[in-house]
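Take a look at the letters that make up each chain.
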Amino acid sequence: METAGFDIVSYYKEGEYIQMNFLEERIVKDGIVKSGNVLKVDSFLNHQMDIALMEEIGREFKRRFGHKTVTKVMTIEASGIGIAAFVAKEFGVPMVFAKKSKSINIDGDMYVAEVESFTHKNKNQVIVSKKFLHPEDHLLIIDDFLANGCALQGLISIAESAGSTIEGLGIVIEKGFQIGGRVIRNLGYHLESLAIVDAMDAKTGTITFRAQEGQ
Ligand code: 5GP
């Protein structure tokens, strides 16, 4: 069996054998469970960023998608950008991010999708210039979180408008108790999430991860 690229940390808890990868260990150490199904990881992932961790995340996505032809990494601003940059570096390809745009007068030079923000509960149009996505592009789509899947669906719609091939989607933290992961996998895409949170409790701060192959 293929082994995980992360260092695996194992321990016994309440009679159960638990294995965590490097990222899961960090989430348990520094993540904060907020009410409203929000996991805060702003001390290492999406506000202050731990660059060594970013490098490791980039390498892990390369390990998981390295057998695919990837010509470009695509993400959505803001918190996907830092992560996608490290992934793009591993693949040696450019990274392009969908920009949020308030403007209703978007000209024909842009691919446009509407995305509802999970954290801010508002809708944004996101745009990518037609200059930067082409039918011959093979995309790896990256984001920090997957909740209901709106951000990924917006990026998929933009990729489809451009006629680009989606080789896969890589998520750092999937909240497995929300529907996004199931929706994207049911659409037939190759989706890899480095940590899948199956349950979390804002009162106790407990986070339960889904066991993944190779761990
Ligand atoms: P979705 O579109 O899948 O519902 O939500 C994904 C987007 O919402 C991500 O781009 C991420 O920025 C944000 N998001 C969703 N859930 C969380 C969360 O628990 N914590 C944080 N920090 N961001 C989240």
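Residues numbered from 1 in each chain as written. Predicted model: local features only at pLDDT ≥ 70, side-chain atom pairs only at ≥ 80, totals over all residues. Heavy atoms only, no water.

With that out of the way, let us pick up the confidence of the model for the protein chain. Per-residue confidence for the protein chain averages 91 on the pLDDT scale, and 90% of its residues sit at or above 70. Every residue in residues 1-5 is under pLDDT 50, and counting partners more than four places away or in other chains gives 12 contacts. (pLDDT = per-residue confidence, 0-100. Contact = heavy atoms within 4.5 Å.)

Let's shift gears to the site of the ligand. Around the ligand there are 17 residues in total, and Leu39, Asp143, Asn148, Gly149 and Lys175 lie nearest to it. Leu39 is positioned with one of its backbone polar atoms (N or O) 2.7 Å from a nitrogen atom of the ligand. In the environment of the ligand, an oxygen atom lies 2.8 Å from a nitrogen or oxygen atom belonging to the backbone of Asn148. Relative to its unbound accessible area of 500 Å², the ligand is 89% covered by the protein chains. If you map the ligand onto the pockets, it falls in the largest pocket. Those elements that provide at least two residues to the shell around the ligand are strand 4 (38-40), strand 9 (138-146) and helix 4 (150-162). For the shell around the ligand, the per-class residue count stands at 8 nonpolar, 6 polar and 3 charged. (Near = heavy atom within 4 Å. Polar contact = N/O pair within 3.5 Å; in protein donor to acceptor, adjacent residues only side chain to side chain. Areas by Shrake-Rupley, 256 points an atom, 1.4 Å probe, with all protein chains shown as cover. 1 Å grid on protein atoms, 1.4 Å probe; cavity = no way out; pocket = protein on both sides within 12 Å on 5 of 7 lines; lining within 4 Å. Sits in = over half its atoms within 2 Å of the grid points. Helix = DSSP H or I, 4+ residues; strand = E, 2+ residues; numbered from the N terminus. Nonpolar A, V, L, I, M, F, W, Y, C, P; charged D, E, K, R; others polar.)

Before going further, it helps to spend a moment on the packing of helix 2 (residues 51-65) against helix 3 (residues 79-91). Running from N to C, helix 2 and helix 3 point in directions that differ by 50°, and their axes come no closer than 8 Å. Comparing the axis directions of helix 2 and helix 3 gives the class oblique. Crossing handedness for the pair helix 2 and helix 3: right-handed. Between helix 2 and helix 3, the residues in contact are Ile51, Met54, Glu55, Ile57, Gly58, Arg59, Phe61, Lys62 and Phe65 and Ile83, Phe86, Val87, Glu90 and Phe91, respectively. In terms of residue class, the contact of helix 2 with helix 3 is made up of 9 nonpolar, 1 polar and 4 charged. (Axes fitted to C-alpha atoms, helices over the stretch in contact; angles between N-to-C directions. Parallel < 35°, antiparallel > 145°, perpendicular 65-115°, else oblique. Left-handed = near helix turned anticlockwise from the far one by under 90°.)

Empty space within the largest pocket amounts to approximately 760 Å³. Residue lining of the largest pocket: 30 residues in total, with Ser79, Ser117, Phe118, Thr119 and Asp144 positioned closest to the centre. Counting residues per element, the ones that place at least two in the lining of the largest pocket are strand 4, helix 3, strand 7 (110-116), strand 9 and helix 4. A total of 4 residues in the lining of the largest pocket trace back to one element, the largest contributor, which is strand 9. Looking at side-chain class alone, the lining of the largest pocket contains 13 nonpolar, 9 polar and 8 charged residues. (Points joined across faces, edges and corners; volume = space filled by probe spheres on them.)

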